Amino acid sequence: MPAGPLADALQRVWWTVILRGIAALVFGIVVLAWPGLAFATLLVMFGAFCLADGVFGVWAALSGGSDHRWLQLVWALVSIGAGLATLLVPGVTSVALLFYIGAWAVTSGVLQIVSAIQLRREIEGEWLLMLNGLLAVIFGLLLFARPGAGAMAIVTILGVFAIASGVALIMLGWRAKSFLQAATGARARNRARA
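Model, not experiment: these values are computed from the prediction.

Caption draft 1: Just helix α2 (residues 14-33), in detail. With 20 residues, α2 extends 29 Å between its outermost C-alpha atoms, agreeing within 8% with the 28 Å of an ideal straight helix rising 1.5 Å per residue. When we look at burial in α2, the residues that qualify are Trp-14, Thr-16, Val-17, Ile-18, Arg-20, Gly-21, Ala-24, Phe-27, Gly-28 and Val-31.

The following block contains the structure:
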């Protein structure tokens with residue numbers, strides 16, 4: 001059975017991880033379904049996604065009782081900052097925006113990888129968070145490597161990244177929920193025996 005403060009915190013807020021995954025999945029599907037969206041619309045969608053991701057992350061960090069919740073809080077605040085900056089400064093040139101999105105992805109990914117390494121001692125399935133972080137870092141590095149690739153290529157990359165990230169987060173959330181259900185069942189059985 002997973003044990004430790006970080007695993008306990010994840011088990012309590014499993015639903016926020018799933019909501020973050022759903023937000024990413026919906027964002028990715030919308031981006032891929034309508035690739036002809038104006039770049040300004042993409043900016044608004046990206047900003048809204050980052051804000052939603054950040055708000056759910058803050059909720060999870062403040063609701064959890066883990067000593068490591070500062071990592072999740074930093075990760076969430078980075079997302080909120082990226083969302084606010086994207087929504088408040090829409091006139092940024094596309095290349096500058098791509099670097100900005102790349103920086104957000106790399107920072108978010110590194111923080112997720114660090115969280116996964118800490119979770120490694122507490123639960124099984126931490127690889128899902130590490131995979132999500134690795135996808136974010138790769139996505140960010142691709143943006144840095146090819147900033148002039150054009151808006152349509154970026155739309156496709158962003159959509160695929162969001163879908164992959166969403167699936168990984170949803171799987172992690174369900175896994176945390178199953179750990180919680182198993183722990184609750186074990187406690188009930190122990191009380192029945194006593």
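Caption draft 2: Broad picture of helix α4 (residues 69-88). With 20 residues, α4 should cover 28 Å at 1.5 Å per step; its first-to-last C-alpha distance of 28 Å lies within 8% of that length. Residues of α4 that are buried include every one of Leu-71, Gln-72, Trp-75, Ala-76, Ser-79, Ile-80, Ala-82, Gly-83 and Thr-86, and no others.

Caption draft 3: Representation of the nonpolar core in the model. Of all hydrophobic cores here, the largest spans 23 residues; its most connected members are Phe-27, Phe-46, Ile-101, Trp-104, Phe-139 and Leu-158. Only α2, α3 (39-63), α5 (94-119), α6 (127-145) and α7 (151-193) provide two or more residues apiece to this core. For this core, the element with the most residues is α3, which contributes 6 residues. Ranked by size, the runner-up nonpolar core spans 10 residues in total, among them Trp-75, Leu-111, Leu-129 and Leu-172.

Caption draft 4: Spatial organisation of empty space enclosed by the protein. Throughout the structure, instances matching the rule amount to 2 cavities of 30 Å³ or more. The space that makes up the second largest cavity amounts to roughly 90 Å³. For the lining of the second largest cavity, the elements supplying multiple residues, two or more each, are α3, α5, α6 and α7. Residue composition of the lining of the second largest cavity, by class: 6 nonpolar, 4 polar and 1 charged.

Caption draft 5: Representation of the packing of aromatic side chains. Under the defined criterion, the tally for this structure stands at 7 aromatic pairs. When the ring of Trp-104 is compared with that of Phe-161, the centres are 6.4 Å apart and the planes differ by 80°; the resulting orientation is edge-to-face. Linking Trp-104 in helix α5 with Phe-161 in helix α7, this pair joins segments that are 57 residues apart in sequence. Of the two residues, Trp-104 and Phe-161, both sit in the buried class. Note on Phe-161: relative accessible area 8%, which makes it buried. One aromatic cluster is present, built from ring pairs that chain together Phe-27, Phe-46, Phe-49, Trp-104, Phe-139 and Phe-161. Lying over the aromatic face of Trp-75, Arg-20 brings its terminal NZ or CZ to 4.3 Å of the ring centre.

Definitions and limits used
Residues numbered from 1 in each chain as written. Predicted model: local features only at pLDDT ≥ 70, side-chain atom pairs only at ≥ 80, totals over all residues. Heavy atoms only, no water. Helix = DSSP H or I, 4+ residues; strand = E, 2+ residues; numbered from the N terminus. Expected span 1.5 Å × (residues − 1). Buried < 20%, exposed > 50% of the residue type's maximum accessible area, 1.4 Å probe, protein only. Core = buried A, V, L, I, M, F, W, Y, C linked by side-chain atoms within 4.5 Å. 1 Å grid on protein atoms, 1.4 Å probe; cavity = no way out; pocket = protein on both sides within 12 Å on 5 of 7 lines; lining within 4 Å. Points joined across faces, edges and corners; volume = space filled by probe spheres on them. Nonpolar A, V, L, I, M, F, W, Y, C, P; charged D, E, K, R; others polar. Phe/Tyr/Trp six-rings, centres within 6.5 Å; stacked < 30°, edge-to-face > 60°. Lys NZ or Arg CZ within 6 Å of the ring centre and 35° of its normal.

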